[in-house]
Amino acid sequence: MRHDTHFILNDAEIHTRASGGLLLLDYIRNRARLPGTKEGCREGDCGACTVLVGSPEGGEVNYLPITSCLMPLGEAHGKHVVTIEGLNLPGLSPVQAAIVAEGASQCGFCTPGFVVSLTAMMMSSADVSADEALSGNLCRCTGYRSLKAAARSLSRSVGVEAMTAAGELPGYFSDIPARLSAIPPPAAPADPDSEAQWIAGGTDLYVQKGAAIPGAPVYLLGGREDLTGVTLEGDHLRVGAATTFQAFAGSRDVQAVAPKIEAYMSEIASWPVRNRATLGGNIINASPIADMTILLLALDCSLELEKAGVMRTVALRKFYRGYKQMDLLPGELLRHIIMPLPPSGARLNFEKVAKRTRLDIASVNSAALIMVAGDGRISAAHLSFGGVSPVPLYLTRSSDFLTGKSPSPQLLAELLAMAQDEIAPISDIRGSADYKRLLVRQLLISHFLTLLPDALAVEEIYAAH
Amino acid sequence: MLHIDATAHVRGESTYVDDVPAPAGMLYAAIFGSPVAHGSVASLNVEDALAAEGVAAVITAKDIPGENQIGPIIPDEPLLADGAVHYRGQPLAVVLAKSVALARKGAALITVSIDPLPVITDPRKAYENGEIIGAPRTVACGDVEAAFERCDVVVSGSCDMGGQEHVYLETQRSRAVPQEPGRLKIYSSTQSPYAGQRMIARILGIPHNHIEIDVLRLGGAFGGKEDQATQWACVAALSAWVTGQAVEVVLSREEDMRMTGKRHPYLSDFKIGATHDGKILAYQVEHYQNSGAGADLSTAVLERTLLHSTGSYHIPNARIFGVCCRTNLPPNTAFRGFGGPQGMFVIECAITALAEKMNLPVAQLQRRNLLDKSDPFPYGQLMGNDHAIRAWDDAVASYDFAAIHERIDHFNADHFATKKGAALMPVCFGISFTTTYMNQASALLHVYTDGSVGLSTGGVEMGQGLSTNMVLLAARALGIDTGKVRIESTNTTRIANMSPSAASSTTLLNGNAVVLAADQILVRLRTVAAELLSESRADRITIADGEVLNGGKPAGLTWEALVQHAYQSRVGLSAHAFYATPDVHYDKQTEQGEPFAYHACGTAMVEVTLDCVRGTYTVDSVKMVHDLGRPLSESVDLGQIEGGLAQGLGWMSLEDLQYGEDGTLLSGALATYKLPDAHFMPDDIQVKFLEQTDGPIGPYGSKAVGEPPLMYGIALFFALRQAMRAFRPTAEFPFTAPLTPERVLTALYAGDDPGELPRK
């Protein structure tokens, strides 16, 4: 099933019948022949292909940086895609001038991606820090000091209108909202044919099977209105499965449940990837090391699944049956994630150990939600671990064991022994099985130290052996 | 002066090989590499690929009209495997199709039947099996056995160093375009255009002068395109030769990581001895280099390891042994530092082990044994006028190392599970190709009648700022504005027989040639000016800021007018000049000589904070004093220092190449092979240029800067070790790099049962 994709690429109106699963990057470089966007890795790790994607939002256009090597062309429909060529002015833009002045470009291959990311930082309505704006781009030449200096010299959250008025963006940006509104919405999503590849954010799918997708029929879920957004409904949040990580973390309701969600996000993927990656994709991808799924497990979420109008609900902790095996029927769609609101006083912690703090896959990740009673006892606990089992793991026995207990080194010692029996890590590129077992112990200690700081001191734990 | 390409870079207007519009009918190549690491090829079936949609041709070894050989030093590497395969990913066939996607789909249809042979990935095992490349080598001085007898303390140990993937952001690529019959033009992302020309000529069996290589710029290289760009240029050229069509080869990141060589992993054993007061008397080291399946540049890399095995230290009695061990990995190759980092890492481990045994601060032992002017290296060259001690003392004083140590001690006393550590790393890096004949370069300078200048050299711009340096030098030598000078692509028809852009020597060699070429022009123009100005002495004529001066005073004659006069006077306005580094020599039989023009020196201090619960760490600061001589462009040189540092820090920490026992690269993507990002690098990076120094032979007193700063990153390993020892003072930690969070945590809790509380 092929649809005409109609979008604006820089200043040009594009109608294309190219496969909706074609990578936006390939369209930009090979068909539109805009060579400023570079391919460095084709898996969202280097950021050389970063472009802006502007989506209409309430009369304005919200621009986000995304890695064009992970976005299906079909999702560009009705949007404004901006490459480095579309940012160029007769002179240098503030971002470009800062990079030149700081000596922050050497071989130049990564540079357009950095320019786009930092321009996004200036355009963004959210206050994105310079560090976060740099989180999705690798440079092998400079050592980053000069890039950071350039980034920090720039104004943040200036906004598209102000930048256009100041001549910091090309003038054509001011017409984009009207031009986008003239683009008819995409054809209503028909039921997918059985052959179609379903794609949500695509951030892992394209990495795993990217070469196979472009020619195949695709069924795009990303950005669908009926599948995005966070709604507060009584005692729970209803989260659309195609809600991106970034939108999820930006929700006030989510922040009320997970006050440090934005700090966790800095350890999960990168800004451009979080603008694409979806909660539902993270869950259905069923990676045993999925960061967001581990967090959702500790929050004791449930899944709303739908097939042919029939809805059912499954607890996330019971959803996984084996490596990449789920309680999911063929053609069944994950529509929403139901997140119960924890009682007030509940304490949440997310831990992740990877080689690199940012944009890396964990060796082991873990989340803990602990409710503490007035007498200091743990009234309820949810513990989850990734990377230690064929599935994202909810530690049922260990969680139950903590309930009703008072924190002490002895309790921790018993928990450590129990947790080791619940996990079955294997040695792989993320670390040896022994290392992962050790990490499980150390991250449980970290949870205790973080969540129960008054109950236990690190010296006490280490002295109790 | 800022990087002259920066304005085009930030606008995305700088072009790389595949950014140029394709010639009509161009074919795209996909490489079919061996699926196993070692074996004999029973059959290779390309029929299905040939029949696939859009596939125009499949090229195999039998299509090679000349010699199937691309080994640069030792002829042991076929372009396309024929009969036997020696590493996973070794190219067996090239599929040419109308698009990259179709070529890759075609390549996926190729089948090969290989009778497997034993796979060796461990260099020691290769050595035991007699699988070596070239001859083992030993550089020695003094009487090591007798000296060990005189030592009060002797320690020995082993080091295990990982390799390093280059991760040039631009993967390997080349485009070959047929010219008039019998000739090819190749656009290649290579540090060594002449190597490409030479090998293509060998592969096709035609003279060098039928092959033109053109290089505009590289999207990073770091040694990875010194020799290993050649095979992709050869693949493109052979494919174009056979099909008569233009052919482009662009490796995907996955292919690039799987098929190309990297920095050499080493296993090394050391023994070191000193007197009670910390004077090192004797050092013995054996290096087992994991060379991979072919020689590539491994023997030259090993040579530099041998020459840098005593680091920045004077050790009067030393025996340094090294051997290239053949394993079933892609042939390992040049990477910034070229074997120097491995040699230096081991001596730092040895000194650290000695200090730990003697219960002395490591820095005290380091300082005590730094090379002074009259001290010889084991290979006989004297330290001379280079500044290892000055740089060290300057760093220790400028950054107040004593205060930092005191602060760290207080911090560690106050914190149970968070520890800080700091270490100093002196670097003393020999400048020149150790293969003496390679220390040559030339430049071609044209002055056009409007006064603008076109400049060609044998150097390649790969981000390091060579173009900036060349333009600066030409403008400075001619006395005109840099805006008048345009640097051209690097092209084998303009500059013949060029050495690779490598060995930190590209500015030294090519820059001196530029100055010599400019001098030739100047001599001619002065004569013209003297005649015009009726000045009898041409030596009184100079040019500055585009104005002719007579006796230092403006003579009312502009550069442009002078050039016009010269042209109309039928005076040549082009010059070609040749430069060869004087006085360098090395005798590989005696392993003695003066292989280096000088040594680039400096000292760095790295400070880290270690989370002893999680085993993760942050680099807090890096503070450096570096001897640049008189820098040509401080901005460019600063970029080289900071960028080299980042790669060195990465090599010691994040960058973890892992191979399976079957020779499979397990960390074969940027998802699994992590390099420093903006967050990993500390905000606090300080660089101080050593004052009042002069490069002895660099143009205008400049000094080399490409490779030396990489080795500052080695300090990270030892700073982390300090922090680990602050948490576990009595533990024995191995000298295994990179020191990943996994290695840190497992070392901190070695022997613990994870089902019990940790032991303190």
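Structure's up top.
Residues numbered from 1 in each chain as written. Chains lettered and ligands numbered in written order. Predicted model: local features only at pLDDT ≥ 70, side-chain atom pairs only at ≥ 80, totals over all residues. Heavy atoms only, no water.

Caption draft 1: Local environment of the state of the cysteines. Enumeration over the complete set of coordinates arrives at zero disulfides over all chains. No disulfide involves Cys41(A); its sulfur sits 3.9 Å from the nearest other cysteine sulfur, which is in Cys46(A). (Disulfide = S-S within 2.5 Å.)

Caption draft 2: Expanded view of the packing of helix α3 (residues 94-101) of chain A against helix α4 (residues 111-123) of chain A. Residue and element names in this part refer to chain A. For the pair α3 and α4, interaxial distance at closest approach is 9 Å and the crossing angle is 130 degrees. Viewed along their axes, α3 and α4 adopt a mutual orientation that is oblique. When the axes of α3 and α4 are compared, the crossing they make is right-handed. Residue-level inspection shows Pro94, Val95, Gln96 and Ile99 of α3 in contact with α4, the latter providing Thr111, Phe114, Val115, Leu118, Thr119 and Met122. (Axes fitted to C-alpha atoms, helices over the stretch in contact; angles between N-to-C directions. Helix = DSSP H or I, 4+ residues; strand = E, 2+ residues; numbered from the N terminus. Parallel < 35°, antiparallel > 145°, perpendicular 65-115°, else oblique. Left-handed = near helix turned anticlockwise from the far one by under 90°. Contact = heavy atoms within 4.5 Å.)

Caption draft 3: The arrangement of the packing of aromatic side chains in detail. Taken as a whole and judged by the stated rule, the model has 22 aromatic pairs over all chains. Seen in terms of ring centroids, Tyr63(A) and Phe173(A) are 5.5 Å apart; in terms of plane orientation they differ by 55 degrees. Their pairing is tilted. Residue Tyr63(A) is found in strand β4 (residues 60-67), and its partner Phe173(A) is found in the loop between α7 (160-165) and α8 (176-181); the two are separated by 110 residues along the sequence. For the residue pair Tyr63(A) and Phe173(A), the accessibility class agrees, reading buried in each case. Plain terms: the ring middles of Phe416(B) and Phe727(B) are 6.0 Å apart, the flat faces sit at 75 degrees to each other, and that makes the pair edge-to-face. One end of the pair, Phe416(B), is in the loop between α13 (401-414) and β16 (418-431); the other, Phe727(B), is in helix α18 (residues 714-727), with 311 residues separating them in the sequence. (Phe/Tyr/Trp six-rings, centres within 6.5 Å; stacked < 30°, edge-to-face > 60°. Buried < 20%, exposed > 50% of the residue type's maximum accessible area, 1.4 Å probe, protein only.)

Caption draft 4: Spotlight on helix α7 (residues 230-243) of chain B. Residues and elements named next belong to chain B. Between its terminal C-alpha atoms α7 stretches 20 Å, which fits the 20 Å expected from 14 residues at 1.5 Å a residue. Here α7 lies mainly inside the structure; 11 of its 14 residues are buried. Note on α7: the residue one or two positions beyond its end, Gly244, has a positive phi of about 75 degrees. (Expected span 1.5 Å × (residues − 1).)

Caption draft 5: Molecular detail of empty space enclosed by the protein. Within this structure, the stated rule accounts for seven cavities of 30 Å³ or more. Estimates place the volume of the largest cavity at around 520 Å³. Met462(B), Gln464(B), Ser504(B), Gln640(B) and Gly706(B) are the residues nearest the centre of the largest cavity, which is lined by 40 residues in total. Counting residues per element, the ones that place at least two in the lining of the largest cavity are α14 (466-478), α15 (506-532) and α17 (634-652) of chain B. Here the second largest cavity defines a volume of roughly 110 Å³. Lining the second largest cavity are 15 residues, with Lys355(A), Asp360(A), Ser363(A), Ile429(A) and Arg430(A) positioned closest to its centre. Tallied by class, residues from the lining of the second largest cavity come to six nonpolar, three polar and six charged. (1 Å grid on protein atoms, 1.4 Å probe; cavity = no way out; pocket = protein on both sides within 12 Å on 5 of 7 lines; lining within 4 Å. Points joined across faces, edges and corners; volume = space filled by probe spheres on them. Nonpolar A, V, L, I, M, F, W, Y, C, P; charged D, E, K, R; others polar.)

Caption draft 6: Spotlight on the interface of chain B and chain A. Facing the 80 residues of chain B at the interface are 79 residues of chain A. Overall, the association of chain B and chain A removes approximately 6600 Å² of surface from exposure, summing both partners, and the carbon and sulfur fraction of that is 59%. Area buried by chain B at its contact with chain A is led by Val10(B), Leu169(B) and Leu757(B), which between them contribute 12% of it. Here chain B is connected to chain A by 13 salt bridges. Remark: the boundary between chain B and chain A carries 47 residue pairs in polar contact (both at pLDDT 80 or more). For the side of chain B that touches chain A, the elements supplying multiple residues, two or more each, are α1 (6-10), α17 and α19 (741-748) of chain B. Considering each element in turn, the side of chain B that touches chain A owes the most residues, eight residues, to α17(B). Partitioned by chemical class, the residues of the side of chain B that touches chain A number 34 nonpolar, 23 polar and 23 charged. (Buried area = accessible area lost by both parts, 1.4 Å probe. Salt bridge = Lys/Arg side-chain N within 4 Å of Asp/Glu carboxyl O. Polar contact = N/O pair within 3.5 Å; in protein donor to acceptor, adjacent residues only side chain to side chain.)

Caption draft 7: Focus on the sheet that holds strand β4 (residues 84-85) of chain B. Residue and element names in this part refer to chain B. Reading across the sheet, the three strands line up as β4-β2-β6 and stay open at both edges, with antiparallel pairing between neighbours. Looking at which strands have only one partner, the edges of the open sheet turn out to be β4 and β6 (111-116). Bridge count between strand β2 (residues 39-45) and β6: six bridges; the pairing is antiparallel. The partner of Val41 across the bridge, within β6, is Ile114. (Pairing = 2+ DSSP bridges.)

Bear in mind that shape data such as this cannot, by itself, settle questions of function.
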